[in-house]
Every structure is written in structure tokens, then in C-alpha cells.
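# Structure at a glance
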Amino acid sequence: MPIKPLRLTFLLLTALLWAAAGVRAAGTSSGAFLRVGWGARPAAMGDAFTAAADDVDALYWNPAGLNYIKRLQETFGHNSWIDGINAEHAAFALRKNPSYVIGAGIGALSVGDIERSNNYGYTEGYYSANDLALIFSYARRLKPRLAAGANFKIIRERIESDSAQAFAIDAGGIYEMSENLKLGLTLKNLGTGLTLSKTPGPLPMALRGGAALQFSKNLLLTSDISMPFDDSLSLHFGGEYLYPKTVKGARLALRAGLKTAAMSYLGATSAITLGFGVEAGAVGVDYALSPYGDLGMSHRLGLKIKFDSLSAKSDEITVNKGGVKVQRKAADVYKETMRWFSDKAASEKLSRGEQDLILRRIMDKFAPLGVDVTEARQKLGGGTGAPK
């Protein structure tokens, strides 16, 4: 029996994981800052975001999630991490047409003054260190229920006067098992190593898999398993609850999570993550709190601007009604078009190929206007509809 492409990809990635794991020892990777995740929303959900990725934060966690962006999203984040370390990031994702989404982001981590001591323990001044990553993303749907994406990274590390540069790629996929359940898989940081002070080190490559269940309209449950090539396996669980009512026009989201990554050396409290989000119109603010045992607390703050939800002229469409041209909301016209399609497919017994042709034209027409074309995408390729 032939192996399906999705299953073959999973087997190849798994084989690659165990092959690499056999030749690396724990803690031998360079570019450790690449492990520090972007975004307050994923952090509050225990870093369980591989399958749940559905906004601009997907650029870091799983580029396949960028396929859920309708028009344009931007994000800016600050992470007051441990021991005086700060991390910042900014990113955007843009749907160029119904077929694909592009994105780019920049992340920087900086360490304050580090004391330099001689062999006798006396201070001989201070030095600094900083890291930088540039990410360029591309995402598209391969099948109605299968989304894919990839990142190209330019990585730079500097410690005092010594610096190094590397290149890497990420690859990810999301498969929609049903309307409420998604599975995700990501291979991260496959690339060249960094050499600092004449000491080479590979990047922190990892394979990550996850699931996201829309348990109810307002409750999202997520889970991840992280398998780094140079460290032990870790489990991640998260949840997001959307308060059903708006408060002065704003939506409130409450989030919490658990992660086992640092429990063995930072204690049980390091597994807990908490946070919330407030969204009004196109603008949202997210906050996450993560304890790190004796090292203190990590505070993350993020700002998101989602032009997907803005009411713009491009969200309207001109239709001919009784010989008169009128402006109507594109989403309303789309719903009527899908009802027309279902009636036509059933009454005329359209073939599968004829149905798919019409559905693709519908998606090409309405997706650029910011309309959610999930129904058409699910019917495409034999999801539901009239007999073949």
C-alpha cells in the first residue's frame, strides 16, 4: 500500500530526529536564544502553540499557521526575561493573494554589563553580549485541509568583540482533522552552526508536534511535545478562554498553561504560565507571566494589530441588482454564493472536477477581500457537497 505524503514526511522527520539525537550531547548547541519563544499569547499557554498557531505569532512557532491570516497582521513584543536579560521582537504577515502568505520578523536578545574578572578574582571591566535573528516566511495551502509553511533565518551572535553568523530554515505543517481539531508539526533551526572564540557549535534544532482542540466556541485547548536534539523531551499544555461578552467594546481572553521543560532544575513552579489578552477592534494587547524558580519571573507584553478585522472599502463588493449597481458586504455575498453553489451542485449533479472549478473561482474572488472562505476550502477536493 503506498505511503501518503503526510505520513511519509512524518516518518522522515522522525528518522532525522533520532539520527541527530544520537550524535549530540545535551547542552552542546549554540544560538540558545533561538529557544526563547516570541509572543505573550503562546507563552501564557505554556508554549503549546504548534497546532494552535493562527495569527502572526505563527511566524516563530509554526509558519504553516500564517495561512489563517486574511489580510495583514503586525506584532511588537517585549520580554523582560531572567537575570536582566531582555528580548524584543517585531513581525508582520501579509496575504498577497488567495494562494499564499508572506511574512518577516526580527528578534533581538541583549544582556547588560557582564563583569570580566582576572585569574585572581579582580574585576577588569565589563563587556556585553547580544543576539539577532531575521526571519522571512512563506506559507500556502497544499490541500484543503493541509497547510504548510517555511522560514529562512539569518542569525547573528556577538560576545564582546567576537561575533558569528549562521543560516537556518524552519518547516511546518498543520492538518485539520475536523472542524474543531488540528494537528501541527514543526522542524526548527535546521542549518549551519555558529563559531565563537574558535569553538563551533550546532544550532538548537528540534522537532515539535502538537494538537489544538476547539472544545467549545469560547474554549481552546492545546498540547505540544518538544523533542530537542540536544536536550530532554518536554511536554506543554495550554488553554485559552474567551469571555463571551464584550466589556465596553473589548474582548477579554484568559490563558494558562503547564510546561515541563525546566522543572527538573528550576522546580515545579516553573511549569506554570498565566496571562490574558484584551482586543478592541483591530488592536490587541497580550500579557504573560512565567516563573523561573530562584531566577525570578519573566514578564512578556505584546501588541498586535490585525487589519483582518478592519471595516474597509475593500470588504465591499459591487453587485448588479435589477439593473442597478449596489455596494454590499463581501461576506454576505459570499454566503449567498455558497448557497447557490450547493443548490446548483445538487440539481445539476455536477462532477467533482466541475465543483472544484467553481469553488476555486469563489475562493479567488472572496479571499482577497478578507472573507473567511473556510466553507469553500473544506468542500474543495471532495469534503462535502453534491454527489460526484
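Here, every reference points to the structure presented above.
Residues numbered from 1 in each chain as written. Predicted model: local features only at pLDDT ≥ 70, side-chain atom pairs only at ≥ 80, totals over all residues. Heavy atoms only, no water.

Turning our eyes to something else, we now look at the overall build of the protein chain. Helix and strand counts for the protein chain stand at seven helices and 18 strands. Evaluated residue by residue, the protein chain yields a buried proportion of 43% over its 388 residues. In the protein chain, of all internal contacts separated by at least 6 residues, the share reaching a separation of at least 24 is 51%. Approximately 20,000 Å² of the protein chain is accessible, and the part contributed by carbon and sulfur atoms is 61%. (Helix = DSSP H or I, 4+ residues; strand = E, 2+ residues; numbered from the N terminus. Buried < 20%, exposed > 50% of the residue type's maximum accessible area, 1.4 Å probe, protein only. Contact = heavy atoms within 4.5 Å. Areas by Shrake-Rupley, 256 points an atom, 1.4 Å probe, with all protein chains shown as cover.)

Right, let's get into unusual backbone geometry. Even without a glycine there, the phi angle at Asp 47 is positive, about 60 degrees. Here Asp 47 is to be found in the loop between α2 (40-44) and α3 (58-61). Of note, Lys 248 is a non-glycine position whose phi angle comes to about 55 degrees, a positive value. Locating Lys 248 in the fold gives a position in the loop between β12 (234-242) and β13 (251-259).

It is worth spelling out a nonpolar patch on the surface at this point. The grouping of Tyr 241, Tyr 243, Val 247, Leu 252, Leu 254, Phe 276 and Val 278 at the surface amounts to a nonpolar patch, some 580 Å² of accessible area in total. Put simply, the parts of the chain that give the nonpolar patch at least two residues each are β13 and β14 (272-280). Within the element layout of this structure, Leu 254 appears in strand β13. (Patch = residues over 30% accessible without salt bridge, like charges linked within 9 Å, V, L, I, M, F, W, Y side chains within 5 Å. Salt bridge = Lys/Arg side-chain N within 4 Å of Asp/Glu carboxyl O.)

Next up on the list: the packing of helix α5 (residues 330-347) against helix α6 (residues 352-366). Interhelical geometry of α5 versus α6 gives an angle of 175 degrees and a closest axis separation of 11 Å. Between α5 and α6, the angle falls in the class roughly antiparallel. Contact with α5, carried on its side by Ala 330, Val 333, Tyr 334, Thr 337, Met 338, Trp 340, Phe 341, Lys 344 and Ala 345, involves Gln 355, Ile 358, Leu 359, Ile 362 and Phe 366 of α6 and no other residues of that element. Class assignment for the residues of the contact of α5 with α6 results in eleven nonpolar, two polar and one charged. (Axes fitted to C-alpha atoms, helices over the stretch in contact; angles between N-to-C directions. Parallel < 35°, antiparallel > 145°, perpendicular 65-115°, else oblique. Nonpolar A, V, L, I, M, F, W, Y, C, P; charged D, E, K, R; others polar.)

Attention shifts here to the pattern of salt bridges. According to the stated counting rule, one finds 16 salt bridges in the structure shown. Measuring nitrogen to oxygen at the nearest pair gives 2.9 Å for the salt bridge that ties Arg 41 to Asp 54. Linking Arg 41 in helix α2 with Asp 54 in the loop between α2 and α3, this pair joins segments that are 13 residues apart in sequence. Take Arg 41: its relative accessible area is 8%, and that puts it in the buried class. Residue Asp 54 is classed as partly exposed on the basis of its relative accessible area, which comes to 29%. Note that Lys 304 is salt-bridged to Asp 55, the shortest N-O span being 2.8 Å. Within this pair, whereas Lys 304 is found in strand β16 (residues 297-306), its partner Asp 55 is found in the loop between α2 and α3, the two being separated by 249 residues in sequence. You'll find Lys 304 and Asp 55 in the same group, each marked buried.

A separate point is the nonpolar core. Among the nonpolar cores identified, the biggest contains 20 residues, and Trp 38, Phe 49, Leu 59, Leu 66 and Ala 93 are the most heavily contacted of them. Ranked by the residues each element gives to this core, the list is headed by α3, at four residues. (Core = buried A, V, L, I, M, F, W, Y, C linked by side-chain atoms within 4.5 Å.)

Turning next to α5. For α5, which comprises 18 residues, the first-to-last C-alpha distance of 26 Å matches the rise-based estimate of 26 Å (1.5 Å per residue) to within 8%. If you check which residues of α5 are buried, you get Ala 330, Val 333, Tyr 334, Thr 337, Met 338, Phe 341 and Ala 345. The buried residues of α5 all sit within an arc of 140 degrees when viewed along its axis, so they share a single face. Along α5, the residues that are exposed and aim more than 90 degrees away from the buried face are Arg 339, Asp 343 and Ser 347. Within two residues after α5, Lys 349 carries a phi angle of roughly 50 degrees, on the positive side. (Expected span 1.5 Å × (residues − 1). Arc of directions from axis to C-beta.)

Moving on to the pairing of β14. As paired elements, β13 and β14 share eight bridges and run antiparallel to each other. Paired with Gly 257 across the bridge in β14 is Thr 273. One ladder, built from seven bridges, connects β14 with strand β15 (residues 283-291); its direction is antiparallel. What sits directly across from Gly 277, in β15, is Asp 286. Once β14 ends, the chain turns through two residues before running back antiparallel as β15, passing Gly 281 with a positive phi of about 65 degrees. (Pairing = 2+ DSSP bridges.)

Right, let's talk about the side chain of Arg 95 for a bit. Examined against the element boundaries, Arg 95 turns out to sit in strand β2 (residues 85-97). Look at Arg 95 and you get buried, because its relative accessible area is 12%. In terms of polar contacts, Arg 95 uses its side chain to reach the backbone carbonyl oxygen of Asn 67, at 2.6 Å. Excluding residues that lie within four positions of it along the chain, Arg 95 makes contacts with Asn 67, Ile 69, Lys 70, Arg 71, Tyr 100 and Val 101. (Polar contact = N/O pair within 3.5 Å; in protein donor to acceptor, adjacent residues only side chain to side chain.)

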